[in-house]
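As a plain string of letters, each chain reads:
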Amino acid sequence: MKNILILLLLLWTGTVAQAQIPGNPPADTKLRTNNASAEAAPKGNAKITGYVIDSSATQAVEFANIVLISKATNKAVDGTVADEKGKFTLKGLAAGNYKIQISFVGFTTKTFDNVSLKKGEDKDLGVVRLASTTQQLAEVTVTGTKSLIEEKVDRLVFNAEKDLTAKGGDAADVLKKVPMLTVDLDGNVSLRGSSNIRVLINNKPSTIMASSVADALKQIPADMIKSVEVITSPSAKYDAEGSGGIINIITKKTTLEGLTLNIDSGAGNRSSNLGLNGSYRKGKMGFSLSGFGRAFYNPASGTLTQSTLQDNAVNKTVQKTDAFDNGMFGQYTLGFDYDIAKNQSLSASARLGVRNFSRDQSQWTSLYKNDILQSNTDKDISTSDLSNSIDLNIDYVRTFKPQQEWSVSTQYSQNNLTNNFTSDLLGTANDILSRQKNINNNTNKEFTIQTDYQTPIGKNQLIEFGGKGIFRQVNSNYQYLFATGSNADFSSDATRPSGLLNYKQSVAAAYLSYTYTTANKYTFKLGTRYELTDIKANDAEKTITIPSYSNWVPSINISKSLGEATTLKFAYNRRIQRPGLQQLNPNFNAANSQDIRVGNPNLSPELTNNFELGLSTNIKKTYINFSTFVRQTNNSITQVRQLSDTLAGSVITTFQNIGKQQDYGANLFANVFITPKWTLNGGLDLLHTYLEGQAQDINGLSYTTNNSGWILGGRLMSQIQLPSNWAVQAFGFFRSKQIQLQGTQTGFYMYSLGLRRDFNNKKGSIGLAAENFLTNGFVMGTNLSSAQFQQTNENRIYNSSVKITFSYKIGKMSFAAPKKTKSVSNDDVKSDGGSDQSTSNSGGNRPR
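None of the values given here were measured: they were computed from a predicted structure. (Residues numbered from 1 in each chain as written. Predicted model: local features only at pLDDT ≥ 70, side-chain atom pairs only at ≥ 80, totals over all residues. Heavy atoms only, no water.)

1. So, the overall build of the chain
Now for step 1: Broken down by element type, the chain carries four helices and 47 strands.
Now for step 2: Looking at the 848 residues of the chain, the share that counts as buried comes to 54%.
Now for step 3: Just so you have it, the chain exposes about 35000 Å², and 55% of that area is on carbon and sulfur atoms. (Helix = DSSP H or I, 4+ residues; strand = E, 2+ residues; numbered from the N terminus. Buried < 20%, exposed > 50% of the residue type's maximum accessible area, 1.4 Å probe, protein only. Areas by Shrake-Rupley, 256 points an atom, 1.4 Å probe, with all protein chains shown as cover.)

2. Here we look at the sheet that holds strand β3 (residues 65–70)
Now for step 1: Taken together, four strands build an open sheet; the order of strands is β4-β3-β6-β7 and the sheet is antiparallel. Of all strands in the sheet, those with a lone pairing partner are β4 (76–81) and β7 (110–117), marking the two edges. Put simply, the sheet's adjacent strands are angled 20° from each other on average, direction ignored.
Now for step 2: Where strand β6 (residues 96–103) lies against β7, six bridges are found, and the strand directions are antiparallel. Residue pairing in the sheet places N97 in a bridge with S116 of β7. (Pairing = 2+ DSSP bridges. Axes fitted to C-alpha atoms, helices over the stretch in contact; angles between N-to-C directions.)

3. Looking at a positive patch on the surface
Now for step 1: A grouping of K43, K91, K401 and K459 is seen on the molecular surface, where their side chains present a positively charged patch.
Now for step 2: Mapped onto the elements, K401 comes out in strand β23 (residues 372–401).
Now for step 3: Residue K401 is classed as partly exposed on the basis of its relative accessible area, which comes to 38%. (Patch = residues over 30% accessible without salt bridge, like charges linked within 9 Å, V, L, I, M, F, W, Y side chains within 5 Å. Salt bridge = Lys/Arg side-chain N within 4 Å of Asp/Glu carboxyl O. Lys, Arg positive; Asp, Glu negative; His and termini not counted. Charge placed at Lys NZ, Arg CZ, Asp CG, Glu CD.)

4. Overview of the pattern of salt bridges
Now for step 1: Under the definition given, this model contains 17 salt bridges.
Now for step 2: Connected through salt bridges with shared partners, the residues D173, K176 and E771 form a single ionic network.

5. Remarks on the sheet that holds strand β16 (residues 225–231)
Now for step 1: The sheet built from five strands is open, its strands ordered β11-β12-β16-β17-β15 with mixed pairing. For this open sheet the edge positions go to β11 (149–152) and β15 (197–201), each flanked by a neighbour on one side alone. When strand polarity is set aside, the average angle formed by the axes of neighbouring strands in this sheet is 20°.
Now for step 2: One ladder, built from four bridges, connects β11 with strand β12 (residues 155–158); its direction is antiparallel. Residue pairing for β12: K152 is matched across the bridge by R155.

6. Description of the nonpolar core
Now for step 1: Ranked by size, the top nonpolar core spans 36 residues in total, and within it F158, L175 and L217 carry the most contacts.
Now for step 2: Setting aside residues up to four positions removed in sequence, L175 forms contacts with L181, V183, V189, L217, V228, I247 and I249. (Core = buried A, V, L, I, M, F, W, Y, C linked by side-chain atoms within 4.5 Å. Contact = heavy atoms within 4.5 Å.)

7. Things to note about the environment of L753
Now for step 1: Tracing the chain through its elements places L753 in strand β42 (residues 748–758).
Now for step 2: For the pair L753 and A730, spaced 23 residues apart in sequence, the C-alpha to C-alpha distance is 4.6 Å.

8. Re the environment of L117
Now for step 1: For L117, the location among the structural elements is in strand β7.
Now for step 2: Sequence-wise, L117 and Y98 are 19 residues apart; in three dimensions their C-alpha atoms are separated by 7.9 Å.
Now for step 3: Excluding residues that lie within four positions of it along the chain, L117 makes contacts with A46, K47, I48, L93, A94, A95, G96, Y98 and K123.

9. A short note on the packing of aromatic side chains
Now for step 1: Under the criterion given, the structure shown has 17 aromatic pairs.
Now for step 2: A ring pair is formed by Y453 and F465, whose centres lie 5.3 Å apart and whose planes are at 40°; its orientation type is tilted. One end of the pair, Y453, is in strand β25 (residues 432–457); the other, F465, is in strand β26 (residues 461–484), and twelve residues separate them in sequence.
Now for step 3: Cluster of aromatic residues (ring-pair linked, three or more members): Y749, Y751, F773 and F778.
Now for step 4: Taking NZ or CZ as reference, K177 lies 5.6 Å from the ring centre of F731, over its face.
Now for step 5: Here the basic side chain of K437 rests over the ring of F490, its NZ or CZ set 4.6 Å away from the ring centre. (Phe/Tyr/Trp six-rings, centres within 6.5 Å; stacked < 30°, edge-to-face > 60°. Lys NZ or Arg CZ within 6 Å of the ring centre and 35° of its normal.)

10. Digging into the confidence of the model for the chain
Now for step 1: For the chain, per-residue confidence averages 79 on the pLDDT scale, and residues scoring 70 or more make up 83% of the total.
Now for step 2: Residue range residues 134–145 is modelled with pLDDT below 50. Its contacts to residues more than four positions away, or to other chains, number 27 contacts.
Now for step 3: Of the regions scoring below 50 in pLDDT, residues 813–818 engages in 20 contacts with residues more than four places distant in sequence or in other chains. (pLDDT = per-residue confidence, 0-100.)

11. Section: the side chain of S627
Now for step 1: Here S627 shows up in strand β35 (residues 622–643).
Now for step 2: Non-local contacts of S627, meaning those with residues more than four positions away in its chain, are made with R192, E612, L613, G614, G665, A666 and N667.

12. Some thoughts on unusual backbone geometry
Now for step 1: Although it is not a glycine, M180 sits at a positive phi angle of roughly 80°.
Now for step 2: Position of M180 among the secondary structure elements: in the loop between α2 (171–175) and β13 (181–183).
Now for step 3: Phi is positive for S724, close to 60°, though the residue is something other than glycine.
Now for step 4: As for its position among the elements, S724 is in the loop between β38 (702–722) and β39 (726–735).

13. Describing the environment of I249
Now for step 1: The residue I249 is located in strand β17 (residues 245–251) in this model.
Now for step 2: Separated by 29 residues in sequence, I249 and I220 place their C-alpha atoms 9.5 Å apart.
Now for step 3: When residues no more than four places from it in sequence are discounted, the contact partners of I249 are A171, L175, V199, L200, I201, N202, L217, I220, I225 and S227.

Following this line, the structure appears as structure tokens:
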């Protein structure tokens, strides 16, 4: 702990920079022009600022061009571009009389003819509204709307606001349309075939992500998502965890003064939702309050066939389940921000999330020994998966000058989990012969404090440094109870004793990053990060000895502009992946007695090296992005399956650091403007994976096993703007079989169709969305085998759905300048929501 406290006092130097799609230079950079009529700006100490917005949509016009023209010579003397919030600043100006021209493709140019500056004056032009128009530009019709896909130096941005079919859904409905991401039928997310990712919300973590990413995404309404950032090569500023990369979900924020209220709702045959979002802003202070609730109801079914070789006998299990799922998910957020001074801001937020999932299932099991029936059992199993979480944030930002700022961010996060089940063994007359209960209560607490500072060096260099401390505490208490008959009291199960796990983890980090842009259009973004991790753990009987460890994590991002429309990128980074809560939890989960799950508190982190090479270009009406990558993971956290010593025919799944994984592949994405109102985009993902780990032979001795193969995935989406405020969207996705260490999982596909009509006053819309409406569900199968067992698991997922959506905005509003905030971003814990591609047969996978 002493080393951690010392490390938190260290300050390093680093940088943050952003490369835009060709034609969009980084914000706050001076305008460079070869125009013969341009002249150097006289130097002084005056300044001009303002905000550029779209007059029809009340949204910022990113990268609008601002040109300062001397009235005396009628020549351009200075210029800049607006940042992503629409803000621009011209500084170091001499006193005099000027004209200012503000322009952007798709908008009418705005000119201020008489701008008089005095010595040392700070002139604020306020909000500048540009009128949208349509222009024909070299065979490409460009309108004043944001592209569906944007590319930056270290990430790809998917602008979810343009998605028609996501209304009434959750975050998973949005993520499955994002290039390079795969969302399976259970809601588990992977990036380039890796489920070792970190999901952030507005650059902030949440402890709920540590238990299950799939469940956490169900608590985020799709209507509130502005964009999704896929960060394949995180810079040194980001936590070192997330070996596959980072997914950052950006939610919509209002910068409108006055009182506003948005209503979003949907009703369908599989789920219904209601969302209310209100805000009030006046002057320097603003408040926001939002609430979202979603209920789902869905049947599920599955079959399990399992054969094990034990004591020279073949034990075979044939199992069938029917189930019905009910669930409610909710998220409620309160936000506050205040401008302390012109260059200082304070913001705070509280987010509460709740999850209430229950499954009632009937399970029939037949056990055979050497093909002779030994027993038939019927069970009624009730499962409860409940949680509530809270995230509290306070953030302070002080800006000294453009690109020079200091920030302090703090966060407290807590997630309370309850994973219980009750299993009733039934007799021939459906009477209860015996009962079994598992009670598993978990608490995950996390406190984070961090500070960051950045400053420019000259016009083409940036430096950034920072320090961070994360203090986590995980507690798990579990017990097994047993009762004979329906009315008997529960008592302890001697064969499965109760237990607990107390797990404390402290992480201290410091980073250094540097960015340099050359005159010949190279951009170098180099950095390193040091993390020190200290762990203390104990169970009910003893202290668990886990050594402290430290990691140096380098990152390199290099880009080169080839002409006006093409960019070449290379990246390397090292990442680590710490084990998640469910992988550590030693609770003996026997909801399905033939397919048992248990965690391992002795797990160590994974280490991954990533290499990436990418090329993006614009060819007339088409944007194309192609990238190749290589990923090497050592000390991989791998699922290990072995026979139970006490339950004949049962297989126990746990986790160990015994694996190695090597991946290489390519991604191709294209976006085509067929007409100004019709876009088509799609892509292909190709991955080859090699897995190596340990298994047990028929004598219980370990041996090395491996598996490899190709995985192909693809997506296609089309949007058409129709007359009279109508719009239609179609989407389709497929993925081939998934490679696992001891087998494979079948592929799957999905599709959707959406129709929406905006009201004439632009304040609301009504729509119809349908998903997988031509089929009655899908069957997901998993085939696993080793020297000890063979297992075939088939789950039927009923995900055909039709829903009606409605949204409306209420309130009288005017535009206010957006607030600049910082936030905590913990992206360093491996989640179990997707690491397990095979699911136990307890009535089918959870519904979407």
